[in-house]
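Examining the three-dimensional arrangement
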Amino acid sequence: MNLWLESLDAPLQHRAGITDDLDVDIAIVGGGFTGLWAAHFLRQEMPGAKIVVLEKEFVGFGASGRNGGWASALYPVAFDRLVIEVGEERARNVREVWRRSVPELGAELARHGIDAGYSYGGNITVARTKVQMKRVEAEFLAAEHAGEGAVRLSRDQVKDRINFSGAVGGLFIRECARIHPAKAVRGLASAVERAGVKIYEESEVLSLRPGASSVAKKGIVKVRHLGIIRRVHATHIVEATEGFLPSINSPTRSNRSVVPVYSLMTATEPLSPEIWNEIGWSGNETLTEASHLITYAQRTADNRIAIGGRGAPYFFNSKISPEQDRDPVVHGHLRELARSWFPLLRDVNFTHAWGGPLGISRDWHPTVSFNETNGYARAGGYVGDGVTSSYVAGRTLADLISGKESEFTRLPWANHQSPQWEAEPVRWLAINAGLKVMTWADREERLTHKESLIARAMAPLLGH
Ligand SMILES: Cc1cc2nc3c(=O)[nH]c(=O)nc-3n(C[C@H](O)[C@H](O)[C@H](O)COP(=O)(O)OP(=O)(O)OC[C@H]3O[C@@H](n4cnc5c(N)ncnc54)[C@H](O)[C@@H]3O)c2cc1C
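Residues numbered from 1 in each chain as written. Predicted model: local features only at pLDDT ≥ 70, side-chain atom pairs only at ≥ 80, totals over all residues. Heavy atoms only, no water.

What about the domain arrangement of the protein chain?
For clarity, the cut-off: Note: domain ranges come from an automatic or database domain assignment.
When the domains of the protein chain are assigned, the result is domain 1 (3–67 + 182–258 + 363–402) and domain 2 (425–464). Using only C-alpha atoms to locate each centre, domain 1 and domain 2 end up separated by 35 Å.

Re helix α2 (residues 33–45)
Definition in use: Secondary structure counts use DSSP, requiring at least four H or I residues in a row for a helix and at least two E residues in a row for a strand, with both numbered from the N terminus. A helix is expected to span 1.5 Å multiplied by its residue count minus one. Whether a residue is buried, partly exposed or exposed follows from its accessible area with a 1.4 Å probe, protein chains only, as a fraction of its type maximum: under 20%, in between, or over 50%, in that order.
For α2, spanning 13 residues, the distance from its first C-alpha to its last is 18 Å, which sits close to the expected 18 Å at 1.5 Å a residue. Turning to α2, its buried residues are F33, T34, G35, L36, W37, A38, A39, H40, F41, L42 and R43.

A closer look at the site of the ligand
To be explicit about the condition: In these notes, residues near a molecule or strand are those with any non-hydrogen atom within 4 Å of it. Contacts described as polar in this section are N or O atom pairs within 3.5 Å, which, within protein, must combine one atom able to donate a hydrogen with one able to accept it, while residues neighboring in sequence count only if both atoms come from side chains. Exposure was quantified through the Shrake-Rupley algorithm and a 1.4 Å probe, taking into account, for residues, occlusion by the shown protein chains and nothing else. Under the grouping applied here, Gly and all other residues not named as nonpolar or charged are polar, the nonpolar ones being Ala, Val, Leu, Ile, Met, Phe, Trp, Tyr, Cys and Pro and the charged ones Asp, Glu, Lys and Arg.
The immediate surroundings of the ligand are formed by 36 residues, with T34, E55, S64, V205 and V387 found nearest. In the environment of the ligand, an oxygen atom lies 2.6 Å from a nitrogen or oxygen atom belonging to the side chain of E55. A total of 1000 Å² of accessible area belongs to the ligand in isolation, and the protein chains cover 98% of it. The set of elements that each furnish at least two residues to the shell around the ligand consists of α2, β9 (204–209), β12 (258–268), β16 (350–361) and α10 (386–402). Here the shell around the ligand is composed, by residue class, of 15 nonpolar, 15 polar and 6 charged.

Observations regarding unusual backbone geometry
Omega for the bond connecting E424 with P425 falls within 30 degrees of zero, at 10°, which places this linkage in the cis form. The phi angle at N284 is positive, at roughly 55°, despite the residue not being glycine. Here N284 lies in the loop between α8 (273–279) and β13 (286–289).

Quick notes on the side chain of S291
Filter applied, for reference: By definition in these notes, contact holds between two residues if any of their heavy atoms fall within 4.5 Å.
Note that S291 resides in the loop between β13 and β14 (295–299). Looking at S291, its side chain comes within polar contact range of the main-chain oxygen of L293, at 2.9 Å. When neighbours within four sequence positions are excluded, S291 is seen to be in contact with Q132, R135 and D442.

Let's talk about the nonpolar core
Spelled out, the test is: Buried residues of nine kinds, namely Ala, Val, Leu, Ile, Met, Phe, Trp, Tyr and Cys, make up a nonpolar core once their side-chain atoms join them within 4.5 Å.
Judged by nonpolar contacts, the single largest core of 57 residues is most densely connected at I28, W98 and W413. With residues up to four places along the chain from it excluded, the contact list for W413 reads Y75, W98, P366, T367, V368, Y382, S389, V392, A393, T396 and F408. V126, L287, A297 and L334 belong to the second largest nonpolar core, which has 29 residues in total.

Some words on the pattern of salt bridges
Just so we agree on the cut-off: By definition here, a salt bridge exists when the distance from a side-chain nitrogen of Lys or Arg to a carboxyl oxygen of Asp or Glu is within 4 Å.
A full pass over the atoms with the stated rule returns 26 salt bridges. R95 serves as the salt-bridge partner of E148, at 2.7 Å between the closest nitrogen and oxygen. With E148 in the loop between α5 (130–145) and β5 (150–154) and R95 in helix α4 (residues 88–111), the pair connects residues that are 53 residues apart, well separated along the chain. With a relative accessible area of 8%, R95 lands in the buried category.

Section: the side chain of H365
Along the polypeptide, H365 turns up in the loop between β16 and β17 (367–371). If we skip the residues at most four places from it in the chain, H365 touches Y75, V77, R81, L82, E85, G381, H416 and S418.

Some remarks on the packing of α2 against α4
Helix packing geometry: the angle between the two helix axes and the distance between the axes. Using the following cut-off: Fitted lines through C-alpha atoms serve as axes, helices being fitted only where they are in contact, and the angles separating the N-to-C directions of these axes extend from 0 to 180 degrees. Any angle that is under 35 degrees is reported as roughly parallel, and any over 145 degrees as roughly antiparallel; angles of 65 to 115 degrees are reported as roughly perpendicular and all others as oblique.
α4 packs onto α2 with a crossing angle of 75° between their chain directions and a minimal axis gap of 14 Å. In this view, α2 runs roughly perpendicular relative to α4, as classed from their interaxial angle. Two secondary-structure elements touch here, α2 through W37, H40 and Q44 and α4 through L105, E108 and L109. In terms of residue class, the contact of α2 with α4 is made up of 3 nonpolar, 2 polar and 1 charged.

So, the environment of G309
Take G309: it is sitting in strand β15 (residues 305–309). In this structure G309 comes out as buried when scored by relative accessible area, which is 2%. A sequence separation of 241 residues divides G309 from G68, and the C-alpha atoms of the two residues are 9.0 Å apart. Not counting the four nearest positions on each side in its chain, G309 is found in contact with S263, L264, I294, T295, Y296 and L334.

So, helix α3 (residues 79–86)
As a reminder, the rule being used: The reported arc concerns the directions from the helix axis to the C-beta atoms and nothing else.
For α3, the full list of buried residues reads F79, L82 and V83. Along the axis of α3, the buried positions cluster into a sector of 105°, meaning they face one direction only. Those residues of α3 that are buried are in contact with α4 and α5. Downstream of α3 by one or two residues, G87 has phi in the positive range, about 95°.

The following block contains the structure:
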């Protein structure tokens, strides 16, 4: 049901699970983009180190194999807020690193022969109402302030690129690429293996206990494969499980560091050349509407439209389960939304529907942390901007762990401490209220043609 996993170049085969206790230098938990980029750059920084990746299911099972395929320069914290928190120079540096990383990521995939349909076409945000146009203008000014090359688009300029129904204007941002995420993450895993990293799949980490470098005591990761528990002794343990983090026991961090919030996607069948002639979209730009609720779309390399959005409920106690990957109401809204953007889709089949959890920290700050004393490292909390961010996280983790001071270790996310989320039931009530507000706000604006009062009132509580 996940388009990306169903359209790999080769059938998905699982790697072998762990069958022995191990003694290694670095144990990475999680076979998604974060874990694999970390393995990739650690291999370069520490060529002699013995590195293993422990993955509960298979590489790309998590958000990395399910996402919207936007390799964007988006950073979850808005530029203005970042300036207040870390100063103008460091905030500009963040923006600069993320912008640069979009083409770098493409070059890195190409260097390893990974064909993941990378297309550096930029991003278009479309406004369909005056109120949305106001938000687009605010986004333009914010981008200008951050030194980004955003371009305002008139109604006709939007239509010239994409025949988006009801568009009144928009914004083009250069730094965004489209990818096929599952091809990217699985290709990266093969590249990492070729470089000498061992990946164990179907190997579930049950708990992890970091060691103590002062007495050269290694940490212990308890891993289960086929019902048998193995121990991996590791100098460094890297937790790269993003939205899944609350499900693993660790004495070093709270299970309330991030919450899993679901984003869902659907995709059409491949569209005919006649339909594409009408729609245009020949530049492969990633696409969104300036609504309150986050939506995102891409024209896939095999000529479908894949569209996703938030709105699925948060489950009590950060629960994650396969049933949450599908939600008839949210998937129905996504299909309706796609048809309202492109009425030509009315008779087109939507062949796939899926979803997955992404990680959000309490202050919406992503984190890459490393504790030199016990060798424990962690990265995640990208708030849905994880494709490029996980690439930068891999570089940051490698430099932090290898002890190399660099522009990455000076980024504000290095060792950033987010506050914990509230205990239940407050967390459940607050997150679901926030998600509902964004849905209501869009409806309110459609009905009143005025800026949503409810969204304005809640904006300071809802992050960026
Ligand atoms: C539907 C959807 C759409 C998205 N769209 C975009 C987008 O367009 N652009 C963007 O930038 N970001 C997007 N994101 C966010 C982005 O995909 C993630 O932030 C990013 O992939 C996180 O990568 P990761 O490696 O940290 O985590 P994941 O890819 O989630 O990997 C974590 C891995 O840990 C494994 N794991 C979990 N528990 C255990 C355990 N106990 N033992 C061992 N392994 C374990 C999981 O099986 C999983 O493979 C989207 C996310 C979703 C869900």
